Amino acid sequence: MSIVTVQLGQCGNQIGHEVFNAICSDVHGTHGLCSKKENESYHDACKERFFSEEESEVPVARAVLVDMEPKVISQTLSIAARSRYWKYDDRSHFCQKQGSGNNWANGYSVHGPRHKEVIMNLVQKEAEKCDRLGGFFTIMSMAGGTGSGLGAFVTQCLRDAFPTSFILNHVIWPYGTGEVIVQNYNSVLTLSHLYQSSDALLVHENDVIHKICAQLMNIKQISFRDVNQVIAHQLGSVFQPTYTAESGLHYSRNPLGDLMETLVPHPEFKMLGLRNIPQMPENSLAYSTFSWPGLIKHLRQMLIANAKMEEGIDWQVRPPRLGSSIPSSHSTNKPPHFNTSIANLVILRGKDTHSVDLGSFRDPSLYTSWLSPQDAFKAWKTPRAFNKYEKSATLVSNSQFLLKPLDNVVGKAWNMFASKAYIHQYTKFGIEEEDFLDSFTALEQVISSYTVL
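Each value, and the rule that gives it
- Residues numbered from 1 in each chain as written.
- Predicted model: local features only at pLDDT ≥ 70, side-chain atom pairs only at ≥ 80, totals over all residues.
- Heavy atoms only, no water.
- UniProt positions renumbered as here; feature names shortened; annotations may be inferred.
- Helix = DSSP H or I, 4+ residues; strand = E, 2+ residues; numbered from the N terminus.
- Contact = heavy atoms within 4.5 Å.
- Buried < 20%, exposed > 50% of the residue type's maximum accessible area, 1.4 Å probe, protein only.
- Pairing = 2+ DSSP bridges.
- Axes fitted to C-alpha atoms, helices over the stretch in contact; angles between N-to-C directions.
- Domains from an automatic or database assignment.
- Buried area = accessible area lost by both parts, 1.4 Å probe.
- Salt bridge = Lys/Arg side-chain N within 4 Å of Asp/Glu carboxyl O.

The chain goes by Tubulin delta chain in an unreviewed UniProt entry, where it is assigned to Rissa tridactyla. Under the UniProt heading Cofactor (unreviewed entry), the note attached to the chain is "Mg(2+)". Regarding the chain, the relevant UniProt record gives this comment under Function (unreviewed entry): "Acts as a positive regulator of hedgehog signaling and regulates ciliary function."

This part covers the environment of Ala143. Its place among the elements puts Ala143 in the loop between strand S6 (133-141) and helix H5 (146-161). Filtering out sequence-adjacent residues up to four positions away, Ala143 remains in contact with Pro174, Val180, Gln183 and Asn186.

The element strand S12 (residues 391-399) is largely enclosed, with a buried count of nine among its nine residues. Burial along S12 is two-sided: Lys391, Ala393, Leu395, Ser397 and Ser399 and Ser392, Thr394, Val396 and Asn398, pointing in opposite directions, are all buried. In this sheet, S12 lies alongside strand S9 (residues 271-277) in antiparallel orientation, the contact comprising five bridges. Its bridge partner lying in S12, Ile277 is registered against Ala393. Sheet analysis places strand S10 (residues 341-350) next to S12, joined by nine bridges and oriented antiparallel. For Gly350, the partnering residue across the bridge sits in S12 and is Lys391.

Take the sheet that holds strand S4 (residues 63-67) next. Read across the open sheet, the 10 strands follow the order S5-S4-S1-S6-S7-S8-S9-S12-S10-S11; overall the sheet is mixed. Two strands lie at the open edges of the sheet, namely strand S5 (93-95) and strand S11 (377-382), each paired on one side alone. Recorded for the sheet is a direction-independent mean angle of 20° between the axes of neighbouring strands. As paired elements, strand S1 (residues 2-8) and S6 share six bridges and run parallel to each other. Residue pairing in the sheet places Ile3 in a bridge with Gly135 of S6. Lying over the sheet, H5 contacts S1, S4, S6 and strand S7 (166-173), oriented at roughly 160° with respect to S6. Across the face of the sheet, helix H11 (residues 292-304) comes into contact with S9, S10 and S12 while running at roughly 20° to S12.

Looking now at unusual backbone geometry. Negative phi characterises most residues that are not glycine, and trans characterises most peptide bonds. A cis amide bond links Ile277 to the next residue, Pro278, at an omega of -10°. Position of Pro278 among the secondary structure elements: in the loop between S9 and helix H10 (282-285). The phi dihedral of Arg84 falls on the positive side, at around 70°, and the residue is not glycine. Mapped onto the secondary structure, Arg84 falls in the loop between helix H3 (71-83) and S5.

As a further point, take the domain arrangement of the chain. Looking at the assigned domains, one finds that the chain contains domain 1 (1-275) and domain 2 (402-450). Between the C-alpha centres of domain 1 and domain 2 the distance comes to 25 Å. Across the boundary between the two partners, domain 1 contributes 28 residues, which contact 26 residues of domain 2. Together, the buried faces of domain 1 and domain 2 total about 2500 Å²; carbon and sulfur atoms form 73% of this surface. On the domain 1 side of the contact with domain 2, Asn184, Tyr185 and Val188 bury the most area, a combined 28% of that side's loss. Run the count over domain 1 and domain 2 and you get zero salt bridges. In terms of residue count, helix H6 (residues 183-197) provides more of the side of domain 1 that touches domain 2 than any other element does, 10 residues in total.

Right under this line is the structure:
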């Protein structure tokens, strides 16, 4: 099945471009470590998923590019075409000249309705090119105006136009220190609207990726492109073909459906976090060896201690003994807080994946009481290595990963709202105070649901 990617705003278009790059360089790499036949079926499954073939024989990304300013889209189109490995369809993009001025209401209430028909026509055409449509993958930022406001609007339109298709929103969480003064308002409005129309939200935090660039990739002056490449690598490690337990000898046909079925057992819980190990500069790979038991041990501790990367993990955090109560993180001596999961998916790529013991992820104490570990944990595997890593492991987790950042954003937005700061910038585009209150209520409910796990 094919996935149509919808790239929204500057951030969405730049990351989308890096995702297709990462997928292409993985497919063209000579580092597969698997049989020729295996490599060919991997290649075919990837092509069907992300690209359509045209007469030119250069694969064309199944993507729609949307921005309210032309600069980023024109750069993205030409850089992709110059790569010779893949390109975008010249007719699958829409841009305007005026931007959204970092105002969610402008993107949602003005640009969205005004350009709905053109944008949805492009999406429809892209969907019709698929023999079997698996669903939509949207990429957007929460901080600005176009990605967040227009992105929330377009997601609602996708849900209306394709009621039975899967929709996964990939959302970039803004830097805590902030690029935009109203980013917390934009984030609260985006998340609450996406929660209504999306099947799941896959979240990357800018602060976390920045840390990975600095500490693991050893990059001295970190650019947006560096950050985007790390994000793209992590997304590729999820979406490139794998075998699921159900798919048997064939690569999984429906990646979005499989992901939702595994990780979103209840519509109240849609926030997915992503961890990928190892991550290191390419020139260090030749001097590094990894064992599966070591990678799995690190990945499990990253899960239970809510560590963002494999450096600086708190090894003191332990799962609670079943039957005992979990110590509250708000008590005075702040015991190490355990991260409770609803569902986890581990994806293994590379050498000897068949022999890996994943029993430690089936421990019932990691999960809520209302799902059995058999339902709450799944593993996908392939002997085909990913992007030069002989062995790599990815964890996609529906857990309390995002509780703290969500609580922070809602708290900061509420403090501004209480003093009516900048509200007039939203009301002039038709977003009223009641809309803010509805959004706060919706997110408080999400916070409360994740807190009591």
